[in-house]
Amino acid sequence: MTARFHLQPLLDLAQTRTDEAARKLGELVAAERDLEEKLRMLEEYRQEYNERFAQAARDGLSPDAWRNYSAFINKLDDAIGMQRKVVEQSRAKTAEGQQAWLAQRTKLKAFDTLSQRHQQVLNRREARQEQKQSDEHAARRSPGEEQ
(Lines give C-alpha, C1' and ligand atoms only; values in the text may rest on other atoms or scores of the structure.)
Protein backbone atom coordinates (compact mmCIF):
# COMPACT_ATOMS: atom_id res chain seq x y z
CA MET A 1 0.00 0.00 0.00
CA THR A 2 1.50 3.29 -1.07
CA ALA A 3 0.77 6.25 1.15
CA ARG A 4 -0.01 9.40 -0.81
CA PHE A 5 2.28 12.37 -0.32
CA HIS A 6 0.06 14.63 1.77
CA LEU A 7 1.64 17.80 0.35
CA GLN A 8 1.07 16.74 -3.27
CA PRO A 9 -1.51 19.50 -3.89
CA LEU A 10 1.04 22.08 -2.75
CA LEU A 11 3.73 20.48 -4.92
CA ASP A 12 1.37 20.61 -7.90
CA LEU A 13 0.49 24.24 -7.16
CA ALA A 14 4.17 25.14 -6.83
CA GLN A 15 4.84 23.47 -10.19
CA THR A 16 1.99 25.40 -11.82
CA ARG A 17 3.15 28.69 -10.35
CA THR A 18 6.76 28.03 -11.37
CA ASP A 19 5.65 27.26 -14.92
CA GLU A 20 3.56 30.44 -14.99
CA ALA A 21 6.44 32.54 -13.62
CA ALA A 22 8.77 31.05 -16.27
CA ARG A 23 6.26 31.84 -19.02
CA LYS A 24 5.85 35.39 -17.76
CA LEU A 25 9.62 35.82 -17.50
CA GLY A 26 9.96 34.67 -21.10
CA GLU A 27 7.43 37.28 -22.18
CA LEU A 28 9.26 39.98 -20.22
CA VAL A 29 12.61 39.04 -21.75
CA ALA A 30 11.10 39.08 -25.26
CA ALA A 31 9.48 42.47 -24.63
CA GLU A 32 12.77 43.84 -23.31
CA ARG A 33 14.58 42.64 -26.43
CA ASP A 34 11.97 44.26 -28.64
CA LEU A 35 12.25 47.56 -26.81
CA GLU A 36 16.04 47.46 -26.95
CA GLU A 37 15.85 46.78 -30.69
CA LYS A 38 13.53 49.76 -31.12
CA LEU A 39 16.00 51.94 -29.20
CA ARG A 40 18.89 50.68 -31.33
CA MET A 41 16.93 51.49 -34.49
CA LEU A 42 16.13 55.00 -33.24
CA GLU A 43 19.79 55.60 -32.40
CA GLU A 44 20.91 54.32 -35.81
CA TYR A 45 18.31 56.48 -37.55
CA ARG A 46 19.43 59.50 -35.54
CA GLN A 47 23.04 58.82 -36.55
CA GLU A 48 22.08 58.50 -40.22
CA TYR A 49 19.93 61.63 -40.10
CA ASN A 50 22.71 63.55 -38.36
CA GLU A 51 25.15 62.50 -41.13
CA ARG A 52 22.66 63.71 -43.76
CA PHE A 53 22.33 66.98 -41.83
CA ALA A 54 26.11 67.38 -41.69
CA GLN A 55 26.40 66.70 -45.43
CA ALA A 56 23.58 69.14 -46.19
CA ALA A 57 25.26 71.75 -43.98
CA ARG A 58 28.53 71.33 -45.93
CA ASP A 59 26.62 71.73 -49.19
CA GLY A 60 24.87 74.80 -47.85
CA LEU A 61 21.50 75.03 -46.11
CA SER A 62 18.87 77.72 -45.97
CA PRO A 63 17.92 78.94 -42.49
CA ASP A 64 14.54 77.16 -42.77
CA ALA A 65 16.17 73.86 -43.74
CA TRP A 66 18.64 74.28 -40.88
CA ARG A 67 15.78 74.79 -38.42
CA ASN A 68 13.89 71.79 -39.82
CA TYR A 69 16.90 69.49 -39.53
CA SER A 70 17.63 70.76 -36.02
CA ALA A 71 14.02 70.43 -34.91
CA PHE A 72 13.80 66.88 -36.24
CA ILE A 73 17.07 65.86 -34.58
CA ASN A 74 15.74 67.31 -31.31
CA LYS A 75 12.55 65.27 -31.72
CA LEU A 76 14.64 62.16 -32.38
CA ASP A 77 16.70 62.91 -29.26
CA ASP A 78 13.50 63.23 -27.23
CA ALA A 79 12.18 59.95 -28.65
CA ILE A 80 15.49 58.24 -27.87
CA GLY A 81 15.40 59.59 -24.32
CA MET A 82 11.86 58.33 -23.81
CA GLN A 83 12.73 54.97 -25.33
CA ARG A 84 15.73 54.64 -22.98
CA LYS A 85 13.37 55.18 -20.04
CA VAL A 86 11.00 52.55 -21.40
CA VAL A 87 13.92 50.12 -21.81
CA GLU A 88 15.05 50.77 -18.23
CA GLN A 89 11.51 50.16 -16.94
CA SER A 90 11.38 46.97 -18.96
CA ARG A 91 14.70 45.83 -17.50
CA ALA A 92 13.36 46.47 -14.01
CA LYS A 93 10.21 44.44 -14.77
CA THR A 94 12.34 41.64 -16.19
CA ALA A 95 14.48 41.63 -13.04
CA GLU A 96 11.31 41.46 -10.93
CA GLY A 97 10.03 38.62 -13.10
CA GLN A 98 13.30 36.77 -12.66
CA GLN A 99 13.12 37.18 -8.89
CA ALA A 100 9.53 35.93 -8.90
CA TRP A 101 10.54 32.90 -10.95
CA LEU A 102 13.49 32.17 -8.65
CA ALA A 103 11.22 32.40 -5.59
CA GLN A 104 8.71 30.01 -7.15
CA ARG A 105 11.47 27.63 -8.21
CA THR A 106 12.85 27.62 -4.65
CA LYS A 107 9.42 26.71 -3.27
CA LEU A 108 9.05 23.99 -5.88
CA LYS A 109 12.45 22.53 -4.99
CA ALA A 110 11.50 22.52 -1.31
CA PHE A 111 8.27 20.62 -1.96
CA ASP A 112 10.04 18.31 -4.38
CA THR A 113 12.66 17.52 -1.74
CA LEU A 114 9.90 16.71 0.75
CA SER A 115 8.23 14.50 -1.85
CA GLN A 116 11.47 12.65 -2.52
CA ARG A 117 12.03 12.12 1.21
CA HIS A 118 8.48 10.83 1.53
CA GLN A 119 9.12 8.39 -1.30
CA GLN A 120 12.38 7.27 0.31
CA VAL A 121 10.55 6.57 3.59
CA LEU A 122 7.95 4.55 1.69
CA ASN A 123 10.67 2.64 -0.17
CA ARG A 124 12.51 1.80 3.07
CA ARG A 125 9.25 0.75 4.71
CA GLU A 126 8.40 -1.46 1.75
CA ALA A 127 11.90 -2.97 1.73
CA ARG A 128 11.65 -3.74 5.47
CA GLN A 129 8.23 -5.32 4.93
CA GLU A 130 9.55 -7.46 2.10
CA GLN A 131 12.56 -8.47 4.20
CA LYS A 132 10.30 -9.35 7.11
CA GLN A 133 8.09 -11.49 4.86
CA SER A 134 11.15 -13.16 3.39
CA ASP A 135 12.55 -13.87 6.87
CA GLU A 136 9.21 -15.28 8.04
CA HIS A 137 8.97 -17.46 4.97
CA ALA A 138 12.52 -18.70 5.47
CA ALA A 139 11.83 -19.36 9.16
CA ARG A 140 8.76 -21.47 8.30
CA ARG A 141 10.71 -23.49 5.76
CA SER A 142 13.87 -23.99 7.84
CA PRO A 143 12.46 -26.35 10.53
CA GLY A 144 10.92 -28.61 7.89
CA GLU A 145 14.14 -28.83 5.93
CA GLU A 146 16.27 -29.79 8.91
CA GLN A 147 14.06 -32.75 9.96
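Structure: see above.
Reading guide: rules and limits
- Numbers given for residues are sequential positions, taken from 1 along each chain in its written order.
- Restriction of local features to residues with pLDDT of at least 70 applies here, the model being predicted, together with a cutoff of 80 or more for giving and counting side-chain atom pairs; totals for whole chains, interfaces and linings are based on all residues.
- Side-chain metrics in this entry use all non-hydrogen atoms of the structure; hydrogen atoms and water are not considered.
- Stacked, edge-to-face and tilted are the three classes for Phe, Tyr and Trp ring pairs, Trp counted by its six-membered ring, which pair at centre distances within 6.5 Å; planes under 30 degrees apart are stacked, over 60 edge-to-face, the rest tilted.
- Segments assigned H or I by DSSP are reported as helices when at least four residues long, segments assigned E as strands when at least two residues long, and all are numbered from the N terminus.
- The salt bridge criterion pairs a side-chain nitrogen of Lys or Arg with a carboxyl oxygen of Asp or Glu, the two atoms within 4 Å.
- Accessible area is worked out with a 1.4 Å probe on protein chains only. A residue is then buried under 20% of its type maximum, exposed over 50%, and partly exposed in between.

(A) Representation of the packing of aromatic side chains. Scanning the entire structure with this criterion turns up six aromatic pairs. Here the aromatic rings of tyrosine 45 and tyrosine 49 are separated by 6.1 Å at their centres, their planes lie at 35 degrees, and the arrangement is tilted. With tyrosine 45 and tyrosine 49 both in helix α1 (residues 8-59) and four residues apart, the pair spans about one turn of that helix. Here a set of aromatic residues connected by ring pairs shows up, and it is made of Tyr45, Tyr49, Phe53, Trp66, Tyr69 and Phe72.

(B) Quick look at the pattern of salt bridges. In this structure the tally under the stated criterion is 10 salt bridges. Notably, a salt bridge pairs glutamate 44 with arginine 40, separated by 2.2 Å at the nearest N-O pair. Of this pair, glutamate 44 and arginine 40 both sit in helix α1, four residues apart, which is roughly one turn of the helix. We classify glutamate 44 as partly exposed; its relative accessible area is 38%. Accessibility expressed as a relative area gives 35% for arginine 40, which makes it partly exposed. The partner of arginine 67 in a salt bridge is aspartate 64, with the nearest N and O atoms 2.1 Å apart. In this pair, arginine 67 and aspartate 64 both sit in helix α2 (residues 63-146), three residues apart, roughly one turn of the helix. Residue class for aspartate 64 comes out partly exposed when judged on its relative accessible area of 47%.

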